[in-house]
Amino acid sequence: MTDLGYYCMMIAFLFSSYAFLGPYMGLSRKGVMLRSVENAITAVFVLLTVASIALLYALVTRDFQVEYVANHTSRELPLFYTISAFWAGQDGSLLLWAWLLSLFSYIVVLQNRYKNRELMPYVISVLSATELFFLILLIFPSNPFSRLPFVPENGQGMNPLLQNPGMIFHPPTLYLGYVGFTIPFAFAISALITGQLGEGWLKSTRGWIIFSWYMLGIGILLGANWAYQVLGWGGYWAWDPVENASLMPWLTGTAFLHSIMIQEKRGMLKVWNMVLIIVTFLLCIFGTFITRSGIISSVHAFARSSIGYYFIVFIIISGAYSFYLVNKRKGGLSSEKHLDSLLSRESSFLFNNLILVGGAFAVFWGTIFPIVSEAVRGVKITVGPPFFNKIMTPIGFLLLFLTGICPLISWSKATWSNFRRNFLIPTISSILFFIILLVAGINHIKAAISFSLCFFVFITILLEYYRGTRARMQLLGEGVIRAFVNLNLKNRRRYGGYLIHIAMLMIFVGITGSSAFSIEKEVVLKKGESIEINSYRITYSDFKIERKINKFIAQAELIVTNNEKQIGIMKPVKAFYLNQMDQPVSEVFIRMGLKEDLYAILAGYEEFGRTAIFKFLVNPLVLWIWIGGAAMTAGTIIAVWPERKR
């Protein structure tokens, strides 16, 4: 079965080569050649599907002669995590990347059977070139079907930190975002090659752009939630290089998503949009490179390998060719209109773009600085969270402010009187809110500013809903509920976007609260002893050790009271996996609430639990980050939901 998988990758390589070169060899017979390369795309998808099934079969049947299976699974590993081992290692994750790209390419071919026929030969060529790159990696340096000269009795098992439900959802969701951005990139390059530089390629890829942006964003939140519940340090974001690698394309993708609105409405920023989608694609490849090359130290990265050089070459070639095309076509990318005023929606979108790109560059520089310092001075200097927090805090404030301005400012040119009228209520409300926070005892000025800006943006969005609903009530005679519902149904893209903005406010609130007001205590307790943290009293009551399927667990029992009333029992765990007994994993216990989370970690124990070391945290408002993710999902669904055809 594994031999079948390897041969399928080899044949897929041949079909991808044909699809890549076909458009250039058969331009005189476009119709026939295009159908032919479309069939080649279908063949690549089928072949890589068979290869993926072959690897899954080897994992599930515990074929330990396959090196990848032996390195990432064991007989004790539950089936749930055995399947997730498909993307737990370098070779399997690259196969997942290649398979997803073949699936997306196949869907693009189906979507464009009868449209975009001038663009499609080059769209297929760009997609196939990217597919070829990953197939080269899979066939040569990272073959997931490599076999050992012997059959081990058991595999090494999966890293204990990866044996979590987050492993099922977080990596594939990120890959969906990474791979998805290849589609608008391919259409952009094909538009540059053919000279069809209007809004056609944007309209054809709008769904892909939103899908990829959403998947990348949700993937980041799922990763943050996984870190919060598994790593046992009480946080969800550490500015780790691999975390940064996913944030950078999301920031530039967010800028692109906003910028294309200006091109559609005003015919402006065409060069900028081309540059943004190229940079976003390259950052997706760069993120994959960081994870798999091991060139930067990270808790998420794989071991250092020569595979990084392949990525560097691909990034350089792709970037050089893409920017060559942009320079070649810059005459056709000139704006149809110009920026009339700094006091306009176009300018607010442009400032928003510049800040997002500036944030992405700051994260990029902080991420690669260890590489640069080692190359220049011979010493690897790591940039820590203080650098990123110092840079990104003012950037976050500016983005919040512009998020509030954009909905209320008009296109082209706004008058000062209109500007004052629209922003009088939000501005006064946010100032009063800031004063209330100070009076209430919030003496953390940055946190107060952040909360006030969130309130400012919320009021501006609320006013948009109010004005739209009132207009429908007055013009169409609808009741308030019907008017509100129809307002959203008739303007799904706009009001879905507003709901996404509200979701981002929730995330900002959660980040602000947990960053500014978190309380932490680490103590040694004997059974029966207690500790007080904030308004909670926590008593260490019991301890036990149990054998599970593939691990031993040491579990402490803590009784939690608040104002002399028992509110629950917490059971933090220290897990010892059979194949990695020397790598215990903390399984934290979290009491979640809208106001705050109570977070308990069993850090260690002595004398079979007679004495135990605990770490407790009170993390305010963290739950709002995850609620924001749910709201972002709802807003995205509303924004992309197709209109009913008349």
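Not measured: the values here are computed from a predicted model. (Residues numbered from 1 in each chain as written. Predicted model: local features only at pLDDT ≥ 70, side-chain atom pairs only at ≥ 80, totals over all residues. Heavy atoms only, no water.)

**Student:** Looking at this model, I keep getting lost on the pattern of salt bridges. Mind explaining?
**Tutor:** It is possible for side chains bearing opposite charge to pair when their charged atoms get close. Scanning all chains against the criterion turns up 14 salt bridges. Here glutamate 264 and arginine 493 are joined by a salt bridge, their closest N and O atoms 3.1 Å apart. Of this pair, glutamate 264 sits in helix α10 (residues 241-266) while arginine 493 sits in helix α18 (residues 492-517), and the two are 229 residues apart along the sequence. The shortest N-O distance in the salt bridge between lysine 551 and glutamate 587 comes to 3.0 Å. Placement of lysine 551 in strand β4 (residues 551-562) and of glutamate 587 in strand β7 (residues 580-587) is noted, with a sequence separation of 36 residues between them. Its relative accessible area of 16% is what places lysine 551 among the buried residues. Each of Arg35, Glu38, Arg113 and Arg117 takes part in salt bridges that share partners, so that together they form one network. (Salt bridge = Lys/Arg side-chain N within 4 Å of Asp/Glu carboxyl O. Helix = DSSP H or I, 4+ residues; strand = E, 2+ residues; numbered from the N terminus. Buried < 20%, exposed > 50% of the residue type's maximum accessible area, 1.4 Å probe, protein only.)

**Student:** Just checking my understanding: could you explain the environment of asparagine 327 for this structure?
**Tutor:** Looking at where asparagine 327 falls in the secondary structure, it is placed in helix α12 (residues 307-328). Asparagine 327 gets classed as partly exposed once you look at its relative accessible area, which sits at 47%. Asparagine 327 sits 84 residues away from glutamate 243 along the chain, and the two C-alpha atoms are 32 Å apart.

**Student:** Even after reading the chapter, I still don't get the pairing of strand β2 (residues 530-533), so can you show me in this structure?
**Tutor:** The alternating pattern of β2 places Ile531 and Ile533 on a buried face, while none of Ser530 and Glu532, on the opposite face, is buried. Strand direction decides the pairing type here: β2 and strand β3 (residues 536-547), joined by four bridges, are antiparallel. For isoleucine 533, the partnering residue across the bridge sits in β3 and is tyrosine 536. Where β2 folds back onto β3 in an antiparallel hairpin, the turn is made up of two residues, including asparagine 534, whose phi is positive at roughly 60°. (Pairing = 2+ DSSP bridges.)

**Student:** Please clarify how the sheet that holds strand β9 (residues 596-606) should be interpreted in this entry.
**Tutor:** Strand pairing in a sheet relies on backbone hydrogen bonds. The paired strands run either parallel or antiparallel. Strands sit in the order β1-β10-β9-β8 across an open sheet of four strands; the sheet is antiparallel. If you trace the sheet from one side to the other, it starts and ends with β1 (519-526) and β8 (589-591), each paired once. The sheet shows a mean angle of 20° between the axes of neighbouring strands, direction not considered. Judged from the eight bridges that link them, β1 and strand β10 (residues 611-620) form a sheet pairing that is antiparallel. Its bridge partner being in β10, lysine 521 is matched across the sheet by phenylalanine 616. Sitting on the sheet, α18 is in contact with β1 and β10, with an inclination near 130° to β10. (Axes fitted to C-alpha atoms, helices over the stretch in contact; angles between N-to-C directions. Contact = heavy atoms within 4.5 Å.)

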